[in-house]
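Residue-level listing of the chains:
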Protein chains: 2
Amino acid sequence: MKKVAIVGVGHSKFGVRKDASLRELAFESVRESLSDANLSLSEIDATITGVCISELAKEVNPSFPVAEYIGINPKPDMRVASACATGSAAIRTAWMGISSGLYDVVLVIGAEKMTESPTPIVTEVMGRGGDVQWEYSYGTTFPGYYAMMANRHMHEFGTTREQLAMVAVKNHKNALDNPYAQFRKEINVEKVINSPMVSYPLTLFDCCPLTDGAAAVILASEVRAKKITDTQIWLTGLGTATDSHTLSNRETLVGLPASKIAFKQASKMANVTHQDIDVVEVHDCFTIAEIMAYEDLGFCRKGEGGRLIAEGITEIGGELPVNPDGGLKAKGHPVGATGVSQAVEITKQLRGEAGNRQVEGAEIGLSHNVGSSGQSVFVHIYRR
Amino acid sequence: MKKVAIVGVGHSKFGVRKDASLRELAFESVRESLSDANLSLSEIDATITGVCISELAKEVNPSFPVAEYIGINPKPDMRVASACATGSAAIRTAWMGISSGLYDVVLVIGAEKMTESPTPIVTEVMGRGGDVQWEYSYGTTFPGYYAMMANRHMHEFGTTREQLAMVAVKNHKNALDNPYAQFRKEINVEKVINSPMVSYPLTLFDCCPLTDGAAAVILASEVRAKKITDTQIWLTGLGTATDSHTLSNRETLVGLPASKIAFKQASKMANVTHQDIDVVEVHDCFTIAEIMAYEDLGFCRKGEGGRLIAEGITEIGGELPVNPDGGLKAKGHPVGATGVSQAVEITKQLRGEAGNRQVEGAEIGLSHNVGSSGQSVFVHIYRR
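Fair warning: this is a prediction, and the values are worked out from it, not measured in the lab. Just so you know, the residues in each chain are numbered from 1, in the order the chain's sequence is written. For naming, the first written chain is A and the first written ligand is 1, with later ones following in the order written. Given that this is a predicted model, residues contribute local features only at a pLDDT of at least 70 and side-chain atom pairs are listed and counted only at 80 or more, while totals for whole chains, interfaces and linings are drawn from all residues. Side-chain measures here rest on the full set of heavy atoms in the structure, leaving out hydrogens and waters.

Enquirer: Is there a simple way to think about the relation of the copies chain B and chain A in this case?
Expert: Copy one and copy two of the chain differ by a rotation about an axis and a translation along that axis. A least-squares superposition brings the copies together, and it is based on the C-alpha atoms of residues with pLDDT no lower than 70 in both. Its rotation angle being 180°, the transformation that places chain B on chain A also includes 0.0 Å of axial translation and leaves an RMSD of 0.0 Å. The relationship between the two copies is best expressed as a two-fold rotation axis. Measuring from the rotation axis to each C-alpha of chain B, the shortest distance belongs to Ser100 of chain B, at 1.9 Å. In this analysis, two residues are considered to be in contact whenever any of their non-hydrogen atoms come within 4.5 Å of each other. The overlap is high: 100% of the interface residues of chain B also sit at the interface in chain A, so the same surface is used on both sides.

Set out below in structure tokens:
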């Protein structure tokens, strides 16, 4: 398989972006990625665009207005989606396009505009991320799915309410040093626990916010990458797996089995072990999700995730820094953009360009992006 | 680039399918494709699923319920979309996955359930296939976009109302021999012209119907394909291009420039000329679209498309048989399935398995699939 590298990254400010439409958010990240790679749009062969929720974008195929607005016409574009893992699915698709020899340089865009629609509408739509025929129709909301997992995890392993809250506290702290993050204020465990209940045991501060935002990465073939930049970040491992759409058909509620399989594939392809990985981005849509990710990715045994956060192991400066950019929790989660945003952060970390949130000497990074409540998982491994 | 072949095809009955949900329609086509390839699901490495309109599927990511229902979990799946060219985008993605070496055997599914929602809702959603910010918001419907093209084409080239109608007549006639088609009854020019007006000059019988349906193709690497079947159909040419989302920004209204570019790419890659192509599937969502496709794909000069249909050149038995399966017009147009359905038909034609609609001795085929009103076009070339 031909090698593929990240040669440029861009990111919009995440948050409530009343000032920008979906296409404008996308452009913000695209412009920055082109500038970062020192490329003009004419040097891009194609775009792969990840927008998850067309209902919120109003457009049937939201990549069309983005393609026109950024000026890529008449070059190829397609939309890729896998719920909240849409951005990583788009990167995987671009990797395949380049590795197959069809393209040399591909611009991957992830974008979502979530705060324009009334919150009840968005809550309703997000609920339909779960199975509509058998589960959503009985009243489950998106936090409800993860709340069930949290309850079961606490029951089986003694994971505490405080440990869940510590994930939010860490990620808010990390986001202080991320100028693109939606929330840049410290919180503490008490504040998380005392915030309004969303779905027991998850309170408001256990949940990632609704976010507008976009991110872009430019991928290139080995030959082109070496001409474009001296600091290629190689995408050396790719893994992805799926699980049943209905949670009631899952073998377990205390983890996402697809994460395990995706990690196995990616680490085998990249030929790395857990010890080799210096910096990690995981899909912390809810605090319990980050704790389960530690375990599912094999950084500790099942049930020990709570200990990892409590002992500070996953802080910047810890043994295994996780979500140095603030994660979905504090950086924000514009669903189609999130996987691309993770790739942006890992790239910056491996280049040593992450400023105050830099993980010192990071050479190998991993991103973990979950579609809905584990229906799909994508793991990417990156190397300096 | 590594060679990729179609080794199995499957198709659901197209039509108003009150008896089947989206996942059940998908299964219908998947089962047939596996049986056709004589493969079990365990021999499939991944699925790529094309469903265009999540609003109609109700699901945020409609590939998830399909993946669970057909039983592909925990293997990889992703959703690909490009409006009405979704099916072809999915095939292109699978091709990239195999040619890159990531997969050996990929199942591509295209499915859409359009008749469950009230027709005004579907009309509204389809209208949002056009640009929502600048054009749809002023009242354009989907037929309206193509009606503007028809009017301009008639004005510039003298294309007649009767010639438009002849496209519908031909495709209805072809569908008589397609057991999967939605409409299997002959019509005549008078009936088309006298049917209710939809958007001048297009009447009801100039428009493809709303359709429920699914189609599936199994793609395989060269090594695997030769083990699976003796009648591989090679996907030798791929082309795709885009155009502005807003029609008002287009250079022309009498054709889809992206079709021209996509054909050029695909024919170059497959190393074929127009004379080599024996059978063609084009995107006839409206009668004018088929006439423009003849021209844009270069089978005649711009403005001469009306003559091609009038002289019978594009009938089965003519010099250039187009839409032998009845096309979108009579076979039906479940949008996410259409591109995959075109690949199914070309495969059957090149295998000599098309029954009464067989194009004698067909060795090279082409499919042409349009996203929305030309925002994207995918052209594939196939060889026996």
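There's more to say after this.
Enquirer: Teacher, can you tell me more about the interface of chain B and chain A here?
Expert: Bring the parts together and some accessible area is lost; that lost area is often taken as the interface size. Contact residues are listed per partner, giving 59 residues for chain B and 59 residues for chain A. Here chain B and chain A share an interface that buries about 4,600 Å² over both sides, 57% of which is from carbon and sulfur atoms. When a carboxyl oxygen of Asp or Glu is within 4 Å of a side-chain nitrogen of Lys or Arg, the pair counts as a salt bridge. Where chain B meets chain A, there are two salt bridges. The partner of Arg23 of chain B in a salt bridge is Asp131 of chain A, with the nearest N and O atoms 3.2 Å apart. By convention, the term buried area covers the 1.4 Å-probe accessible surface removed from two parts as they join, with the contributions of both added.

Enquirer: I'm lost on the packing of aromatic side chains in this one. Help?
Expert: The description of an aromatic ring pair uses the distance of the two centres, along with the angle that the planes make with each other. All names here are of chain A. Each Phe, Tyr or Trp ring (for Trp, its six-membered ring) is paired with any other whose centre lies within 6.5 Å, and the angle between the two planes then decides the class: stacked below 30 degrees, edge-to-face above 60, tilted in between. Here the structure, examined in full by the defined rule, presents 12 aromatic pairs over all chains. Measuring from ring centre to ring centre gives 6.0 Å for Phe142 and Phe286, while their planes differ by 40°; the resulting arrangement is tilted. Of this pair, Phe142 sits in helix H6 (residues 142-157) while Phe286 sits in the loop between strand S9 (279-281) and helix H11 (287-296), and the two are 144 residues apart along the sequence. The pair Phe142 / Phe286 is uniform in exposure class, with both members buried. Measuring from centroid to centroid gives 5.0 Å for Tyr146 and Phe286, while their planes differ by 35°, and the two rings are tilted. Note on conventions: DSSP H or I runs of at least 4 residues are helices, E runs of at least 2 residues are strands, and numbering of each starts at the N terminus. Per-residue accessibility, obtained with a 1.4 Å probe over protein chains only, is compared with the maximum for each type, and a residue is labelled buried under 20%, exposed over 50%, and partly exposed between these values.

Enquirer: Before we go on, may I ask you to explain the pairing of strand S3 (residues 77-81) of chain A in this structure?
Expert: Along any regular strand, the residues point their side chains to alternate faces of the sheet. Taking burial as the measure, the five residues of S3 of chain A include five buried ones, the bulk of the element. A two-sided burial pattern is seen for S3 of chain A, the buried positions comprising Asp77, Arg79 and Ala81 of chain A on one face and Met78 and Val80 of chain A on the other. A pair of strands is labelled paired if DSSP reports no fewer than 2 bridges between them. The pairing of strand S2 (residues 46-50) of chain A with S3 of chain A spans three bridges and is parallel. Across the sheet, Thr49 of chain A pairs through a bridge with Arg79 of chain A, a residue of S3 of chain A. Alignment of S3 of chain A against strand S3 (residues 77-81) of chain B, held across three bridges, turns out to be antiparallel. Within S3 of chain B, the residue paired with Ala81 of chain A across the bridge is Arg79 of chain B.

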